[in-house]
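One letter stands for each residue in the lines below.
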Amino acid sequence: MKIFFFEINNRTVTSFYLNIIIEALKNCGHEVLPLKDTSATSLKKISTQRHDTWFITTGHKDITQLYFKGYRNFIHWFQGLPAEEDFMRTHNKLRLWGLNFLDKMTIKHCSYAFFVSSYQKDYITSKFHVESPKHFIMPCFNETINPNVFFTPGKYEKNTFCYVGSTVDVWQNFENIIEIYKHIESTHHDCLFKIITPNESETHKLVSKHQLKNVIIKSVTQDQVSDEIADCKFGFLLRKDHIVNNVSTPTKLSNYLANGIIPIVSDSILSYRDIAQKHQLLCLVSETNAAAMLDRCLATTYTPQMVLDSFNKIFESYFNRDLYVKQIEKELNTFLSTNN
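What this report covers is the structure whose coordinates are included nearby. (Residues numbered from 1 in each chain as written. Predicted model: local features only at pLDDT ≥ 70, side-chain atom pairs only at ≥ 80, totals over all residues. Heavy atoms only, no water.)

### Comments concerning the pattern of salt bridges
Taken as a whole, this structure holds nine salt bridges when the rule is applied. Between R89 and D86 there is a salt bridge; the shortest N-O distance is 3.6 Å. Remark: D86 and R89 occur in helix α4 (residues 82–90); sequence separation between them is three residues, near one turn of the helix. Relative accessible area serves as the criterion here: at 45%, R89 is assigned to the partly exposed category. Across the pair D86 and R95 runs a salt bridge, and its minimum N-O distance is 2.6 Å. Several salt bridges share partner residues, and in doing so they unite D86, R89 and R95 into one network. (Salt bridge = Lys/Arg side-chain N within 4 Å of Asp/Glu carboxyl O. Helix = DSSP H or I, 4+ residues; strand = E, 2+ residues; numbered from the N terminus. Buried < 20%, exposed > 50% of the residue type's maximum accessible area, 1.4 Å probe, protein only.)

Spelled out as structure tokens, the structure:
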């Protein structure tokens, strides 16, 4: 069986996740091939016969475009909530309607689905009043654990905080992070905040606005991030209580944990709230108790081995690439053998 995916969707930020699915399919004995995009030029030699062709899709337009070209077999990864995310940025109701149409086509016509959380699955199926297709739930992550970095000298002795990512996307809630760090800086003398972001100029303006003192702002390539945050003790992952955040599983958590960084996580990210309730070294905060909870985390003594042992358990059960490949291989082998 030939299964196609689109190179335009295999970006750095998504390739780790997508390649897990591709590897599992190859292990099942299927031929998985890249296509440039969904254009007629790319698809001109691809059969529309129901049993000949399958697609792995990730873009929110993919299934709609392919469906109207006669294709019917889709394995789709629901990365987020495109309509809700766009409306947070634009507040454009016409765009909201259009994106909702695309999302409904996607959930209605996908044959097999990958969701990033059970909360995402429940929300999408409830929103569009459809039964869930056959599916697999796998969180977003793109790193494996690096034990050596946990033993970086002084890592858990100094209160060095970090934030990695965009500081301008509305759902990132970055200004709230700055306000919380300002409180920490005013009550603890040994704090440093490292901000690794592509939005340097905008970030400098925010830092100046809030008159923060001990801050380093840098823009580095993806492969340099781990080195930049190796000595950090805490990392911010704070989001507003909004459905976009409720159902998400931001890759930032795996980035922090892989580098031995104790995450400060909002309870609005429901899947990560569930993990934090099982693993005590994650600092779980709400919109009302962030300052008090952070004071408690700052007062806790951490050792490299303690943190490594705790985070290893999360990678063994929740961010385990090899485990997911095996599980997906078994699930898709059964599904495809009975649907072809």
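### Description of helix α8 (residues 200–209)
Given 3.6 residues per turn, any residue in an α-helix points the same way as the ones three and four places further on. Of all the positions in α8, only T203, L206 and V207 are classed as buried. All buried residues of α8 project into a common sector of 100 degrees when viewed along the axis, lining one side. When the buried face of α8 is taken as reference, the exposed residues oriented beyond 90 degrees from it are K205, S208 and K209. In the core, the buried residues of α8 are packed alongside α7 (174–187), β8 (191–196) and β9 (215–218). Once α8 ends, the next one or two residues include Q211, with phi positive near 55 degrees. (Arc of directions from axis to C-beta. Contact = heavy atoms within 4.5 Å.)

### Notes on the sheet that holds strand β5 (residues 112–115)
The six strands are arranged β2-β1-β3-β4-β5-β6 in an open sheet whose pairing can be described as parallel. At either margin of the open sheet sits one strand with a lone partner, and together these are β2 (31–35) and β6 (134–137). Neighbour-to-neighbour, the strand axes of the sheet open up by a mean angle of 20 degrees, direction not taken into account. Judged from the three bridges that link them, strand β3 (residues 53–57) and strand β4 (residues 74–78) form a sheet pairing that is parallel. (Pairing = 2+ DSSP bridges. Axes fitted to C-alpha atoms, helices over the stretch in contact; angles between N-to-C directions.)

### Describing the state of the cysteines
Tallied over the full model, the rule gives one disulfide. A sulfur-sulfur separation of 2.3 Å characterises the disulfide bridge that pairs C283 with C297. Between C283 and C297, the S-S torsion sits near 100 degrees, and that sign places the bridge as right-handed. In this pair, C283 sits in strand β12 (residues 283–285) while C297 sits in helix α13 (residues 290–298), placing the two residues 14 residues apart along the sequence. Of the two residues, C283 and C297, neither departs from the other in class, the shared state being buried. With no disulfide of its own, C140 lies 16 Å from the sulfur of C110, the closest cysteine sulfur. Given the relative accessible area of 12%, C140 is considered buried. (Disulfide = S-S within 2.5 Å.)

### Section: the packing of α7 against α8
Taken N-terminus to C-terminus, the directions of α7 and α8 make an angle of 40 degrees; their axes are 10 Å apart at the nearest point. As summarised for this structure, α7 and α8 are arranged oblique, according to the angle between their axes. The two elements α7 and α8 meet at a crossing, and its hand is right-handed. On the side of α7, the interface is formed by F174, E175 and I178, while α8 contributes T203, L206, V207 and K209. Of the residues belonging to the contact of α7 with α8, the class tally is four nonpolar, one polar and two charged. (Parallel < 35°, antiparallel > 145°, perpendicular 65-115°, else oblique. Left-handed = near helix turned anticlockwise from the far one by under 90°. Nonpolar A, V, L, I, M, F, W, Y, C, P; charged D, E, K, R; others polar.)

### With respect to the packing of aromatic side chains
Two aromatic rings, taken as a pair, are described by how far apart their centres are and by the angle between their planes. In the structure shown here, the tally under the stated rule is 27 aromatic pairs. On the numbers, 3.8 Å between centres and 5 degrees between planes, the contact of Y17 with W77 is stacked. Of this pair, Y17 sits in helix α1 (residues 12–27) while W77 sits in strand β4; the two residues are 60 residues apart in sequence, bridging distant segments of the chain. Of the two residues, Y17 and W77, neither departs from the other in class, the shared state being buried. Judged by centre distance (6.0 Å) and plane angle (85 degrees), the rings of F136 and Y324 are edge-to-face. Of this pair, F136 sits in strand β6 while Y324 sits in helix α15 (residues 321–338), and the two are 188 residues apart along the sequence. For the pair F136 and Y324, a shared accessibility class is recorded, and that class is buried. Grouping aromatic residues by their ring pairs yields a cluster made of F16, W54, Y112, F114, F136, F141, Y272, F315, Y318, F319, Y324 and F335. Taking the ring centre of Y67 as reference, the NZ or CZ of R72 above it sits at 3.7 Å. (Phe/Tyr/Trp six-rings, centres within 6.5 Å; stacked < 30°, edge-to-face > 60°. Lys NZ or Arg CZ within 6 Å of the ring centre and 35° of its normal.)

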